[in-house]
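So the chains spell out like this:
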Amino acid sequence: MAQVYYDKDANQEVLKGKTVAVLGYGSQGHAHAQNLKDSEVSVVVGLHQGSRSASVAKEDGFEVLPVSEAVAKSDVVMVLLPDTAQPSVYKDSIAPNLRPGMALAFAHGFAVHYHQIEPPADVDVFMVAPKSPGHIVRRLYTQGKGTPGLLAVHNDATGSAREVGMAYASAIGCGRAGVIETTFQEETETDLFGEQAVLCGGVTELMKAGFETLVEAGYQPEIAYFECLNEMKLIVDLIYEGGLSWMRYSISDTAEYGDMVAGPRVIGDESRAAMKVLLKEVQDGTFAKDWILENQVGRPRMKAWRKREASQKLEEVGADLRDMMPWLESKKAPKQ
Ligand code: NDP
Ligand code: MG
Ligand code: MG
């Protein structure tokens, strides 16, 4: 059984008198900064010149500084920049301002695990990774709840890296829900595998394949959309609440029998073999290398793919259907 820690295992007092620099004010950054502030931790926000989010951070009442000044002024530095931007910001603005005994923290292990950032030995390095998007991290905190989180210590220079990390996790609300101890390696590899094979890559291709099969067979796209995309949320909500058994208890016996006979035919040996390959490419650094290279050349494959994905039929049908449901807080991704 994994070791799980809660607020009772944390001592937020160790953050008193310290200043935390939250670098970045995006999805995670705004949530960490605001939750820390509400937990009475002193926070400054570090952003680059011309940052779009700087005005938002200022409006939310934060002191916003260039990254180098924020680091120089703080004791704990939480790096909440895009993973691909972290290495160059680290080299130019973070590393030159680190002092022995400071703590450098991350919410994902990518840059450290794949050696894009190699912090000095005299600095504590830990990770607090909330297991949800930043907007939920903030929302649950304001409701008196919290997001489950992961805690990992990569380097314990002071002897108190774990204590500071756990205090941080508690101050952003993770200690209310449970904090599981892990390593940078385990967090990075499972996070990448999960989003590729299941949560993002797996789920979207499964939905697309189902939708296209029905539409190609002559069924109305609106009905195909409801069956293969919209209802996914309802099923996942049931799984979230009570596992597969609760979901299966709630659906009809016919749906449950279909689940039993058809599921393993859709996700069979071929898909499981593909998952093993994906995991291996995560573990041996092939995926990381590919993603770093794609960034170095300006993301040509990703830009083209985003365009293709945004213009597919399924997205048009979905937008029209969401307009029919005004109670939905319908969202639209900005044009890239
Ligand atoms: P976002 O893309 O939402 O936000 C990035 C922030 O960094 C923005 O404020 C952006 O400013 C700023 N920024 C971008 N480039 C630079 C730069 N060169 N120098 C200084 N600031 C810069 O990132 P996320 O919150 O999604 O991700 C942050 C970290 O959290 C990553 O390590 C990620 O893996 C991790 N994480 C993210 C989760 C999520 O739900 N999103 C979940 C768990 C972990 P600007 O306004 O100019 O764009
Ligand atoms: Mg991830
Ligand atoms: Mg049905």
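Scroll up to find the structure this text is about.
Residues numbered from 1 in each chain as written. Chains lettered and ligands numbered in written order. Predicted model: local features only at pLDDT ≥ 70, side-chain atom pairs only at ≥ 80, totals over all residues. Heavy atoms only, no water.

J.: Looking at this model, I keep getting lost on the site of ligand 1. Mind explaining?
T.: Ligand 1 sits among 23 residues. The nearest are Tyr25, Gln28, His48, Ser53 and Asp83. Between ligand 1 and Ser27 there is a distance of 2.9 Å, counted from an oxygen atom to a backbone nitrogen or oxygen. Protein coverage of the free-state accessible area of ligand 1, which is 910 Å², stands at 75%. Counted by class, the shell around ligand 1 contains ten nonpolar, eleven polar and two charged residues. (Near = heavy atom within 4 Å. Polar contact = N/O pair within 3.5 Å; in protein donor to acceptor, adjacent residues only side chain to side chain. Areas by Shrake-Rupley, 256 points an atom, 1.4 Å probe, with all protein chains shown as cover. Nonpolar A, V, L, I, M, F, W, Y, C, P; charged D, E, K, R; others polar.)

J.: Could you clarify how one ought to interpret the nonpolar core in this entry?
T.: One recurring pattern in soluble globular proteins: nonpolar side chains tend to sit buried together. Within the largest apolar cluster, 35 residues are counted, with the highest numbers of intra-cluster contacts made by Leu36, Val45, Phe126, Val128 and Tyr168. Looking at this core, the elements with two or more residues in it are strand 2 (19-23), helix 1 (27-38), strand 3 (42-47), helix 2 (54-59), strand 5 (76-79), strand 6 (103-106), strand 7 (124-130) and helix 7 (161-171). The greatest single-element share of this core, amounting to six residues, is contributed by helix 7. With residues up to four places along the chain from it excluded, the contact list for Tyr168 reads Leu15, Val20, His32, Leu36, Met78, Phe126 and Val128. (Core = buried A, V, L, I, M, F, W, Y, C linked by side-chain atoms within 4.5 Å. Buried < 20%, exposed > 50% of the residue type's maximum accessible area, 1.4 Å probe, protein only. Helix = DSSP H or I, 4+ residues; strand = E, 2+ residues; numbered from the N terminus. Contact = heavy atoms within 4.5 Å.)

J.: Just checking my understanding: could you explain the packing of helix 10 (residues 201-216) against helix 11 (residues 221-250) for this structure?
T.: Helix-helix packing is characterised by the crossing angle of the two axes and by the distance between the axes. Orientation of helix 10 relative to helix 11, taken along the N-to-C sense of each, is 160°, at an axis distance of 9 Å. Considering the angle they form, helix 10 stands roughly antiparallel to helix 11. Once helix 10 is placed against helix 11, the crossing between them reads as right-handed. Residue-level inspection shows Val203, Met207, Gly210, Phe211, Leu214 and Val215 of helix 10 in contact with helix 11, the latter providing Pro221, Ala224, Tyr225, Cys228, Leu229 and Met232. Broken down by class, the residue content of the contact of helix 10 with helix 11 amounts to eleven nonpolar, one polar and no charged. (Axes fitted to C-alpha atoms, helices over the stretch in contact; angles between N-to-C directions. Parallel < 35°, antiparallel > 145°, perpendicular 65-115°, else oblique. Left-handed = near helix turned anticlockwise from the far one by under 90°.)

J.: Got a minute to help me understand the pattern of salt bridges in this structure?
T.: Between side chains of opposite charge, a pair can form as their charged atoms come close. Taken as a whole and assessed by the stated rule, the structure comprises 15 salt bridges. Residues Asp9 and Lys8 are paired through a salt bridge, measuring 3.5 Å at the closest nitrogen-oxygen approach. For Glu63, the salt bridge identified is with Lys73, shortest N-O distance 3.0 Å. Highlighted residues: Glu63 in strand 4 (residues 63-66) and Lys73 in the loop between helix 3 (67-72) and strand 5, separated in sequence by ten residues. You can call Glu63 partly exposed: its relative accessible area is 37%. With a relative accessible area of 44%, Lys73 lands in the partly exposed category. One network of salt bridges, in which partners are shared, links Glu205, Lys208 and Glu309. (Salt bridge = Lys/Arg side-chain N within 4 Å of Asp/Glu carboxyl O.)

J.: I tried to follow the coordination of the magnesium ion (ligand 2) on my own but got confused; where do I start?
T.: Geometry sets the ideal angles at a metal, namely 109.5 degrees for four tetrahedral donors and 90 or 180 degrees for six octahedral donors. Protein-derived coordination of the magnesium ion (ligand 2) comes from Asp191 (OD) and Glu195 (OE), at a distance range of 2.2 Å. Pair noted here: Asp191 and Glu195 are both in helix 9 (residues 184-199), with a separation of four residues, about one helical turn. (Donors = N, O, S within 2.8 Å, 3.2 Å for Na, K, Ca; no water.)

J.: What exactly am I supposed to notice about the pairing of strand 7 here?
T.: Looking down a regular strand, the side chains alternate between one sheet face and the other. With seven of its seven residues buried, strand 7 lies for the most part within the structure. On strand 7, burial covers both faces: Asp124, Phe126, Val128 and Pro130 on one face and Val125, Met127 and Ala129 on the other are all buried. Here four bridges tie strand 6 to strand 7, and the two strands are oriented parallel to one another. Paired with Ala103 across the two strands is Asp124, which belongs to strand 7. Both strand 7 and strand 8 (residues 149-155) contribute to a ladder of six bridges, which runs antiparallel. Note that in strand 8 the partner of Pro130 across the bridge is Gly149. (Pairing = 2+ DSSP bridges.)

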